[in-house]
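Structure at a glance
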Amino acid sequence: MHTNVKLNQDIKCAVLTVSDTRDYKTDKGGKLVIELLSELNVSIDKSHYKIVKDEQEAIQMQVEQWLSEDIDVIVTTGGTGIAQRDVTIEAVSSFFTKEIEGFGELFRYLSYAEDVGTRALLSRAIAGTVNDKLIFSIPGSTGAVKLALEKLIKPELNHLVKEITK
């Protein structure tokens, strides 16, 4: 649907996989984020792809480091459910200057309509700004990654980055 989206600016991204079980060989979600963003020629330096355990402090330390660097967008994948170990939302939202409520609402709507039905209510996908940077936190499944990137993030990335850097 949105495969012809092209960036009209240089956007630098970081990808953080949150998982107690994935490593760099088995992380399908994080690799898919990178693959889909690379279709836009987004810059993702090798040092801007990390995997951390589903622990609030580990997530916050990595996000905080990237917030101090020349990065425009951080995408986290994993740790967004309702299990006790799922703490990505708590870790990431604490940094938000502004929440982009529509992202989570649309993600759940699309998940419900196109893929998972009523199980969509379990998703706590979220997005927000931290000053002049964007953070998207999405579930770790490849279906969720594809939905979030193809239907929401890629089509609006230029506009979102332009808006937060005005």
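That block above? That's the structure.
All figures in this text were calculated on a predicted structure; none of them were measured in a lab. (Residues numbered from 1 in each chain as written. Predicted model: local features only at pLDDT ≥ 70, side-chain atom pairs only at ≥ 80, totals over all residues. Heavy atoms only, no water.)

As for the environment of Gly104
Test applied: In DSSP terms, a helix is any run of H or I states spanning at least four residues, a strand is any run of E spanning at least two, and both are numbered starting from the N terminus. Whether a residue is buried, partly exposed or exposed follows from its accessible area with a 1.4 Å probe, protein chains only, as a fraction of its type maximum: under 20%, in between, or over 50%, in that order.
By the secondary structure assignment, Gly104 is in helix α4 (residues 101–116). For Gly104, a relative accessible area of 3% puts it in the buried group.

Concerning the nonpolar core
Stated formally: As used in this record, nonpolar core signifies buried Ala, Val, Leu, Ile, Met, Phe, Trp, Tyr and Cys residues forming a set joined through side-chain atoms within 4.5 Å.
Val73, Phe103, Phe136, Leu149 and Leu157 are the most contacted members of the largest nonpolar core, which has 32 residues in total. If you list the elements that add at least two residues to this core, you get β1 (13–18), α1 (28–38), β2 (49–52), β3 (73–77), α4, β6 (133–138) and α5 (142–164). The element best represented in this core is α5, accounting for 11 residues. With 19 residues, the next largest nonpolar core counts Ile59, Ile89, Val92 and Ile135 among its residues.

Some points on the pairing of β1
Stated formally: For two strands to pair, DSSP has to find at least two bridges joining them. The handedness of a crossover follows from its direction of travel: if, with the strands pointing away from the viewer, the path from the first strand over the helix to the second runs clockwise, the crossover is right-handed.
Across the six residues of β1, six count as buried, placing the element largely inside the fold. Here β1 shows no split at all, with Cys13, Val15 and Thr17 on one side and Ala14, Leu16 and Val18 on the other all buried. Where β1 meets β3, five bridges bridge the pair, whose relative direction is parallel. Within β3, the residue paired with Thr17 across the bridge is Thr77. Considered for its hand, the β-α-β crossover made up of β1, α1 and β2 is right-handed.

What about a nonpolar patch on the surface?
Quick note on the threshold: A patch consists of residues whose relative accessible area exceeds 30% and which take part in no salt bridge; residues with like charges are grouped when within 9 Å of each other, and nonpolar side chains (Val, Leu, Ile, Met, Phe, Trp, Tyr) when within 5 Å. For the accessible areas, the method is Shrake-Rupley and the probe is 1.4 Å, while residue cover comes only from the protein chains on display. What counts as a salt bridge is simple: a side-chain nitrogen of Lys or Arg found within 4 Å of a carboxyl oxygen of Asp or Glu.
A surface patch of nonpolar side chains, amounting to about 330 Å² of accessible area, comprises Ile82, Leu121 and Leu122. With respect to the secondary-structure elements, Ile82 resides in the loop between β3 and α3 (88–93). On the basis of relative accessibility, which here comes to 61%, the residue Ile82 falls in the exposed class.

Considerations on the layout of surface pockets
Condition: Lining residues are those with an atom within 4 Å of a point, where the points come from a 1 Å grid over the protein atoms alone and group into cavities, where a 1.4 Å probe fits but cannot get out, or pockets, open sets with protein on both sides within 12 Å along at least five of seven lines. Grid points are joined across faces, edges and corners, and a volume is the space filled by probe spheres set on the points. Basically, the charged four are Asp, Glu, Lys and Arg, the nonpolar ten are Ala, Val, Leu, Ile, Met, Phe, Trp, Tyr, Cys and Pro, and anything else, Gly included, counts as polar.
Here the largest pocket defines a volume of roughly 290 Å³. Together, 16 residues line the largest pocket, and Val116, Arg119, Ser123, Pro139 and Ala144 are the ones closest to its centre. Contributing elements (two or more residues each) for the lining of the largest pocket: α4 and α5. Take the lining of the largest pocket: its biggest share by element is four residues, from α4. Of the residues that constitute the lining of the largest pocket, the class distribution is eight nonpolar, six polar and two charged. Lining the second largest pocket are 15 residues, and of these Ser19, Arg22, Gly78, Gly140 and Ser141 lie nearest its centre. Listed by contribution, the elements that provide at least two residues to the lining of the second largest pocket are β1 and α1.

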